[in-house]
Amino acid sequence: MKKLFLSVIAFAGIATMNAQIADVESVVPLLKGVESEMHNPVLSADGSQLLFTECDYTGLRLYDFNDNVVVKVSSEKRAGLDASFSPDGKEIYFVTQTLQNNRNMRQVKKYDIASRKTMDVSKQGRIVSSPVATAKGFATIVDGKLLVTDNKATRVRTEGTSLIIAKNGVEKSYTPIENSAGYIWSSLSPDGTKVMFFAAGFGIVITDLNGNVISTPGNYEAPVWFGNNHIVAMNATNDGHNYRSSQIVLLNADGSQLQALTKPESMTMNPTASFGAGKIVYATIDGRLYQMNIKLK
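Residues numbered from 1 in each chain as written. Predicted model: local features only at pLDDT ≥ 70, side-chain atom pairs only at ≥ 80, totals over all residues. Heavy atoms only, no water.

Participant: I tried to follow the overall build of the protein chain on my own but got confused; where do I start?
Facilitator: Along the protein chain, the regular secondary structure elements total one helix and 28 strands. By the compact-globule yardstick of 19 Å for 297 residues, the protein chain fits well, its C-alpha radius of gyration being 19 Å. Across its three principal directions, the C-alpha atoms of the protein chain cover 50 × 45 × 35 Å. In the protein chain, which comprises 297 residues, the proportion classed as buried is 51%. Of the contacts made within the protein chain by residues no fewer than 6 positions apart, 39% connect residues no fewer than 24 positions apart. Charge separation in the protein chain, taken as the distance between the mean sites of 30 positive and 27 negative side-chain charges, equals 5 Å. (Helix = DSSP H or I, 4+ residues; strand = E, 2+ residues; numbered from the N terminus. Rg over C-alpha atoms; globule rule 2.2 N^0.38 Å. Buried < 20%, exposed > 50% of the residue type's maximum accessible area, 1.4 Å probe, protein only. Contact = heavy atoms within 4.5 Å. Lys, Arg positive; Asp, Glu negative; His and termini not counted. Charge placed at Lys NZ, Arg CZ, Asp CG, Glu CD.)

Participant: What is the right way to read the environment of Ala-79 from this model?
Facilitator: The topology assignment puts Ala-79 in the loop between strand E6 (69-74) and strand E7 (84-85). Distance in space between the C-alpha atoms of Ala-79 and Lys-109 is 9.1 Å, their sequence separation being 30 residues. With sequence-adjacent residues up to four places away left out, Ala-79 is seen in contact with Tyr-57, Gly-59, Leu-60, Ser-74, Phe-94, Val-95 and Thr-96.

Participant: What is the right way to read empty space enclosed by the protein from this model?
Facilitator: Taken as a whole, this structure holds one cavity of 30 Å³ or more when the rule is applied. By volume, the largest cavity is sized at about 30 Å³. In this structure, the largest cavity is lined by Ser-129, Ser-130, Val-132, Ala-139, Thr-140, Leu-146, Arg-155, Arg-157 and Glu-171. Where the lining of the largest cavity is concerned, the elements lending two or more residues are strand E12 (137-142) and strand E14 (155-159). Residue composition of the lining of the largest cavity, by class: three nonpolar, three polar and three charged. (1 Å grid on protein atoms, 1.4 Å probe; cavity = no way out; pocket = protein on both sides within 12 Å on 5 of 7 lines; lining within 4 Å. Points joined across faces, edges and corners; volume = space filled by probe spheres on them. Nonpolar A, V, L, I, M, F, W, Y, C, P; charged D, E, K, R; others polar.)

Participant: Help me out: how do you make sense of the pattern of salt bridges in this one?
Facilitator: It is possible for side chains of opposite charge to pair when their charged atoms get near one another. In the structure shown here, the tally under the stated rule is 10 salt bridges. Here Arg-157 makes a salt bridge to Glu-171, at a shortest N to O gap of 2.8 Å. Here Glu-171 lies in strand E16 (residues 170-174) and Arg-157 lies in strand E14, a separation of 14 residues in the sequence. Note that Asp-286 is salt-bridged to Arg-288, the shortest N-O span being 3.7 Å. With a relative accessible area of 41%, Arg-288 lands in the partly exposed category. Shared partners join several salt bridges into a network, and the residues in it are Arg-155, Arg-157, Glu-159 and Glu-171. (Salt bridge = Lys/Arg side-chain N within 4 Å of Asp/Glu carboxyl O.)

Participant: Hey, could you run me through the sheet that holds strand E2 (residues 22-30) in this one?
Facilitator: For sheets, the rule is that strands pair by backbone hydrogen bonds, running either parallel or antiparallel. If you trace the four strands from one edge of the open sheet to the other, you get E2-E28-E27-E26, paired in antiparallel fashion. The open sheet has two edge strands with one neighbour each: E2 and strand E26 (268-274). The sheet shows a mean angle of 25° between the axes of neighbouring strands, taken without regard to direction. Two strands pair when backbone bridges link them, and E2 and strand E28 (residues 289-296) are joined in this way by eight bridges, in the antiparallel orientation. Its bridge partner lying in E28, Leu-30 is registered against Leu-289. (Pairing = 2+ DSSP bridges. Axes fitted to C-alpha atoms, helices over the stretch in contact; angles between N-to-C directions.)

Participant: Hey, could you run me through the confidence of the model for the protein chain in this one?
Facilitator: Looking at the protein chain, pLDDT values average 93 and 94% of them are 70 or higher. Segment residues 1-14 is flagged for pLDDT under 50; beyond a separation of four residues in sequence, or across chains, it makes 34 contacts in the model. (pLDDT = per-residue confidence, 0-100.)

Participant: So what exactly am I meant to see when it comes to the environment of Gly-182 here?
Facilitator: Examined against the element boundaries, Gly-182 turns out to sit in the loop between strand E17 (177-178) and strand E18 (183-188). Separated by 17 residues in sequence, Gly-182 and Ala-199 have C-alpha atoms that sit 5.9 Å apart. Once residues lying within four places of it in the same chain are set aside, the contact partners of Gly-182 are Gly-160, Thr-161, Phe-198, Ala-199 and Ala-200.

Participant: Can you help me understand the pairing of strand E9 (residues 103-112) in this one?
Facilitator: Every other side chain in a regular strand lies on the same face of the sheet, so the side chains alternate between the two faces. Alignment of strand E8 (residues 91-100) against E9, held across 10 bridges, turns out to be antiparallel. Looking across to E9, one finds that Thr-96 is bridged to Gln-107. In this structure, the hairpin formed by E8 and E9 is closed by a connection of two residues, where Asn-101 is found at a positive phi of approximately 50°. Where E9 and strand E10 (residues 117-120) come together, four bridges link them in antiparallel fashion. Note that in E10 the partner of Lys-110 across the bridge is Met-119. Between the end of E9 and the start of E10, which pair antiparallel, lie four residues, with Arg-116 showing a positive phi angle near 60°.

If you want it as structure tokens, here you go:
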């Protein structure tokens, strides 16, 4: 397994700034005057549906672009922190949090979009990981125990400074980046051949399914795939307590080019993307959502 050391290769191969990777065709506000406190957007794979939540991740709402309708999925605490669609866009997985006997208890739930019904799909636990939705179910960790309903699916998650990749029912742990404070924001590429995550103190890392580093595109946050060869992410600065600037960027997965899609002073953040729909949705720090349509050159 290939390992990288921060002291040796930190920020190597930084992308060329302001390259024209795509044409921005339109930028429009979403649900203006209808909804408020809209944060942490998540698009379905086909771009037809959108999840969003409040600033403290309380509650979860679903917007259907085709019907122009907003539905309340949950009003519970934490529901909007790590919600995700199933690959076919028919179900939503999320974690709720309740206070019981002065202890926070968490539970994974599934929402069926067609029937608008919610069901519990895990036991309650003190520590519950973000559910990873797969073609035939999901996977999560409840108080240290792995719960998997689709054991053959390729999936990825992080625990501290471990990147855990599951293939054919077998999980293996890797440490592609040494000396990081932790890994977050892990995801599979749409074609299932590459893994992306963010290493704190370093930036975005892309590996193959054996944990070997393919590229290190740069120190950008909250990365999401835009197809198999491009990434949408957040380029932010802060003073240790508050954001000073934040913008949305598009970059090649190999780190060779980067295009700013919004200005740093716009305070735009937490992007989500659908390559098939040519659509990016992002939030502003004051709780507004915007849709940007782009076309790769």
